[in-house]
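Close look at the chain arrangement
In case you want the letters, here they are:
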Amino acid sequence: MAILVNRATRLVVQGLTGSEGRFHGLRNREHGTQVVAGVTPGKGGQDVEGIPIFDTVAAAVSDTDANTAMVFVPAAFAADAMYEAIDAGAGTIICITEGVPTHEMLRIHAYVHARDVRLIGPNCPGVLSPEQANVGIIPAEIFREGSVGLVSRSGTLTYQIGHELTQLGLGNSTIVGIGGDPVVGSSFVDMLTLFEADPQTEQVVMVGEIGGDEEEKAAAFIEAEMSKPVVAYIAGFTAPAGKTMGHAGAIISGSAGTAQAKKDALEARGIRVGTTPTETARLVAELIHA
Amino acid sequence: MLAHVADRLRPAPWPGRLARALDLHEFQGKELFRRFGIPVSEGRLATSPDEARAAAEELEGPVVVKAQVLTGGRGKAGGIKLADTPADAQARAGEILGMDIRGHKVDKVWVERASDIAREYYLSIAFDRSAKRPLFMFTTQGGIDIEEVAASSPDALVRLHVDPLEGFHPWHARRLVYQAGVEDPAEQKQIVSIIGKLYETFVGCEALLCEINPLVVTTDGEVRALDSKFTVDDNALFRHGDVAEMRDVDAADPLEALAREKGVTYVKLDGDVGVLGNGAGLTMATVDVVTFVGGQPADFCDLGGGGDAQGVVDALEVITKDPQVSAIFFNIFGGITRCDEVARGILQALEQMAIELPIVVRLDGTNAEEGRRLLREADASNLHTEATMLDGARRAVELAA
């Protein structure tokens, strides 16, 4: 069970021969993930600690039955890598790369949503289902298996909250970092939908932050569609008021985008919002022990 | 009349996370408009009254002298003035240069040939974050407060999304122009052309916002961009070297400029507890928690993903340059970042810079044990370690008091 990645995951790492890709790809394998292939154009035929390298994702998928791709290539090439993985038939694509241009992501977002494919990220720490599979850079040793689904826009803040949960004796079904960029492949609502349908998940923690209106959309979704309890945390309450040039932004955004506006939207629908990561973990523990 | 540009305060996007944006000056945005074929008035940049006079002489006839600052409200603040003669332009530039407009010091003016304006419209294309698509907005009620138009007569403001895969088609422009009620055929034709070129500008520069307010119709029936608000995606600047060079480093806060130079993500705040974390989310949460336990954060400083020892040294150099800082709180949760590297960076910085301020360190995650051991063995009297984020924040706030 769990969502997105599990024992059936067969991972191809785009950029496995780079130093970061190699370090984390091997770490993922140590956690038990089936890392079946790597892709680096021009290095087909080589291997990384026994993992075969291919020139194209298509060749990797056809030879190894990879069903999940992790993108670990520099930002300038990440969009190309994502399109290649989609075209090769990888059903789940997890893009760790930070700094992908927004215009690229607007096109990829539209492309992905017209197809039966799941994109997580970019600019995300990846997905971990403890004891089952780890795809990305989340330090697995601080999490344990359990019933709490965790979805977050942040990397390290996710570790913090996961750590707090672990210390209270709670474990996770899956931890998903959806990515911190304004345009990412999957939203909070997408992940809440998966958690709602996952038998292992009994509660969900949603970790949001200032900017955009995805938390507000999630609040409406939770009220209307979810039977499982959700606890939220929002970062950025003390962000100073700053400037955005021009008027278009102010007119477009339906929400103020502030942490307070998000908290209000969630609480108005009966969703509890922790003030600190510590309190958030405690709220989850209360749910479980209630 | 010139536009009443009244940008309002909105929540700050944090660097490293949401901001990733470069705001351009009016003259820079107009230069980009010109390159993509959008009509603008001829003008010159001046940094002294003498230069403004020379510019007015070259341009001939009445000119407008406009403060170039990265904020709105220039007109209301007296930063935009009409000048009939070169001597007049020199005098007006003398008044405007050195002015403070909403905390921005004016060090350059744009001297532009004055326009005889018959009508003022509003046209923009922006990245709509919620819809994940570019959004055109157009109204014939430009020049006045456009947010007021959006609120009071929403039908007058025509909105149209563009599918990012399909891109722009001429019907987009026709729909905007007809629906907004532009009736003069010559005007329709010019605006349709400008809308197409604005999309090319938006995509060609990988902008997040291209706003023309006002888009004017002159008494001769010519349509022209009289102002520009232009924001470009930082993540795309690697392939737009000409735009990247437009960054006005002088306009930034000096500490923030130093941070940028060092590759440190840093935002200056007003308190006395220097905050340093790894990752935007955790750093934001750390700033929140410091506030929550009664302290006042002096900054938001994100070491980012890698966080090697030199990165820590650079970050500490920036933070300790702020004279308000009286204690520093390191909140590190190692993932990619290794806690032993952070500890080495702290010790290296202590050696190089002789920092006497108290430093509270909380390390967890990858190689945290090793990091804590290094700090313990260093035995520096101003180094304090705490086990949790909350305790670390409390300790730092106490020590800052």
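Parameters and conventions
- Residues numbered from 1 in each chain as written.
- Chains lettered and ligands numbered in written order.
- Predicted model: local features only at pLDDT ≥ 70, side-chain atom pairs only at ≥ 80, totals over all residues.
- Helix = DSSP H or I, 4+ residues; strand = E, 2+ residues; numbered from the N terminus.
- Rg over C-alpha atoms; globule rule 2.2 N^0.38 Å.
- Buried ≥ 20, exposed ≤ 12 C-beta atoms within 10 Å, placed from the backbone.
- Contact = placed C-beta atoms within 7 Å.
- Domains from an automatic or database assignment.
- Expected span 1.5 Å × (residues − 1).
- Pairing = 2+ DSSP bridges.
- Axes fitted to C-alpha atoms, helices over the stretch in contact; angles between N-to-C directions.
- Core = buried A, V, L, I, M, F, W, Y, C linked by C-beta atoms within 7 Å.
- Parallel < 35°, antiparallel > 145°, perpendicular 65-115°, else oblique.
- Left-handed = near helix turned anticlockwise from the far one by under 90°.
- Nonpolar A, V, L, I, M, F, W, Y, C, P; charged D, E, K, R; others polar.
- pLDDT = per-residue confidence, 0-100.

**Quick word on the overall build of chain A**
- Across its full length, chain A carries ten helices and 15 strands.
- Here the C-alpha atoms of chain A give a radius of gyration of 19 Å, agreeing with the 19 Å that 2.2 N^0.38 yields for 290 residues.
- By residue count, 59% of the 290 residues in chain A fall in the buried class.
- Long-range contacts, defined as pairs at least 24 residues apart, comprise 73% of the intrachain contacts of chain A with a sequence gap of at least 6.

**A short note on the environment of D190 of chain A**
Residues and elements named next belong to chain A.
- Relative to the helices and strands, D190 resides in helix α6 (residues 188-197).
- Look at D190 and you get buried, because 20 C-beta atoms sit within 10 Å.
- Along the primary structure D190 and A218 are separated by 28 residues, whereas in three dimensions their C-alpha atoms are 9.1 Å apart.

**Concerning unusual backbone geometry**
- Here the amide bond leading from G121 of chain A into P122 of chain A is cis, since omega sits at 10°, within 30 degrees of zero.
- Position of P122 of chain A relative to the elements: it lies in the loop between β7 (118-120) and β8 (126-129).
- Residue P214 of chain B is bonded to the preceding N213 of chain B through a cis peptide linkage, with omega at 10°.
- Its place among the elements puts P214 of chain B in strand β12 (residues 207-218).

**Examining the domain arrangement of chain B**
- Per the domain assignment, the segments making up chain B are domain 1 (1-40 + 117-249), domain 2 (42-114) and domain 3 (252-400).
- Computed from C-alpha coordinates alone, the two centres of domain 1 of chain B and domain 3 of chain B are separated by 41 Å.

**Digging into helix α13 (residues 389-400) of chain B**
Residues and elements named next belong to chain B.
- Look at α13: 16 Å from first C-alpha to last across twelve residues, which is about the 16 Å you get at 1.5 Å a residue.
- α13 sits mainly inside the fold: nine of its twelve residues count as buried.
- Looking only at α13, the buried set comprises M389, G392, A393, R394, R395, A396, V397, L399 and A400.

**Considerations on the sheet that holds strand β4 (residues 51-54) of chain A**
All names here are of chain A.
- Read from one edge to the other, the open sheet built from seven strands follows the order β3-β4-β2-β1-β5-β6-β7, with strand pairing classed as mixed. Of all the strands in the sheet, just β3 (47-48) and β7 have a single pairing partner and so form its edges.
- Two elements, strand β5 (residues 68-71) and strand β6 (residues 92-95), share four bridges in a ladder whose sense is parallel. Residue pairing across strands places V71 opposite C95, the latter belonging to β6.
- The strands that helix α2 (residues 57-64) touches are β1 (10-14), β2 (34-39), β4 and β5; relative to β1, the one it contacts most, it runs at about 160°.

**Notes on the nonpolar core**
- Formed by 141 residues in total, the largest nonpolar core has its most connected members in V12, V71 and M82 of chain A together with F329 and A396 of chain B.
- Among the elements that line this core, the one with the most residues is helix α9 (residues 280-292) of chain B, at seven residues.
- In contact with V71 of chain A, other than residues within four places in its own chain, are Q14, G15, A78, A81, M82, A85, I93, C95, I96 and T97 of chain A.
- One finds A173, V223, A225 and V243 of chain B within the second-largest nonpolar core, a separate group that totals 50 residues.

**Focus on helix α1 (residues 26-35) of chain B**
Residue and element names in this part refer to chain B.
- With seven of ten residues buried, α1 lies mostly within the body of the structure.
- Among the residues of α1, E26, F27, Q28, G29, K30, L32 and F33 are the ones counted as buried.
- Phi for G37, located one or two positions after α1, is positive at around 90°.

**Brief notes about the packing of helix α5 (residues 170-180) of chain B against helix α6 (residues 185-204) of chain B**
Residues and elements named next belong to chain B.
- Across the interface, α5 lies against α6 with an axial gap of 9 Å and an inter-helix angle of 130°. Relative to α6, α5 is oriented oblique. Crossing of α5 over α6 shows right-handed handedness. Taking contact as the criterion, the partners of P170, H172, A173, R174, L176 and V177 in α5 are, on α6, Q188, I191, V192, I195 and G196.

**A few points about the domain arrangement of chain A**
Residue and element names in this part refer to chain A.
- Along its sequence, chain A is organised into domain 1 (10-120) and domain 2 (126-289).
- Computed over C-alpha atoms only, the centres of domain 1 and domain 2 are separated by 25 Å.
- The interface of domain 1 with domain 2 comprises 19 residues on the first partner and 15 residues on the second.
- Sort the elements by how many residues they give to the side of domain 1 that touches domain 2 and helix α4 (residues 102-113) lands first, with five residues.
- The class makeup of the residues in the side of domain 1 that touches domain 2 is ten nonpolar, eight polar and one charged.

**Observations regarding the sheet that holds strand β15 (residues 272-274) of chain A**
Residue and element names in this part refer to chain A.
- Read across the open sheet, the seven strands follow the order β9-β8-β11-β10-β12-β13-β15; overall the sheet is mixed. Each edge of the open sheet is held by one strand with a lone partner, namely β9 (133-136) and β15. Neighbouring strand axes in the sheet, compared pairwise and without regard to direction, differ in orientation by 20° on average.
- With three bridges connecting them, strand β13 (residues 230-235) and β15 associate as parallel partners.

**Describing the confidence of the model for chain B**
All names here are of chain B.
- On average, residues of chain B carry a pLDDT of 89, and 94% of them reach 70 or more.
- Within the model, the stretch residues 1-19 combines pLDDT values under 50 with 68 contacts to residues more than four positions away or in other chains.
- Across the predicted assembly, pTM comes out at 0.91 and ipTM at 0.92.

**Some thoughts on the environment of Q28 of chain B**
- Within the secondary structure layout, Q28 of chain B lies in helix α1.
- When the C-alpha positions of Q28 of chain B and M99 of chain B are compared, they lie 20 Å apart, and in sequence the two are 71 residues distant.

**Some points on the pairing of strand β11 (residues 172-177) of chain A**
Residues and elements named next belong to chain A.
- Counting buried positions along β11 yields six of six residues, so the element is predominantly enclosed.
- One ladder, built from three bridges, connects β8 with β11; its direction is antiparallel. Following the sheet pairing, L128 is matched in β11 by I175.
- Two elements, strand β10 (residues 145-152) and β11, share five bridges in a ladder whose sense is parallel.

**Examining the packing of helix α10 (residues 309-320) of chain B against helix α11 (residues 339-353) of chain B**
All names here are of chain B.
- It is the contact of α10 with α11, at a shortest axis distance of 7 Å, that shows an interaxial angle of 50°. It follows from the interaxial angle that α10 and α11 lie oblique. Note that α10 runs across α11; the crossing there is right-handed. Contact residues: α10 offers A309, Q310, G311, V312, V313, L316, E317 and T320, while α11 offers E341, V342, R344, G345, I346, Q348, A349, Q352 and M353.
- In terms of residue class, the contact of α10 with α11 is built from eight nonpolar, six polar and three charged.

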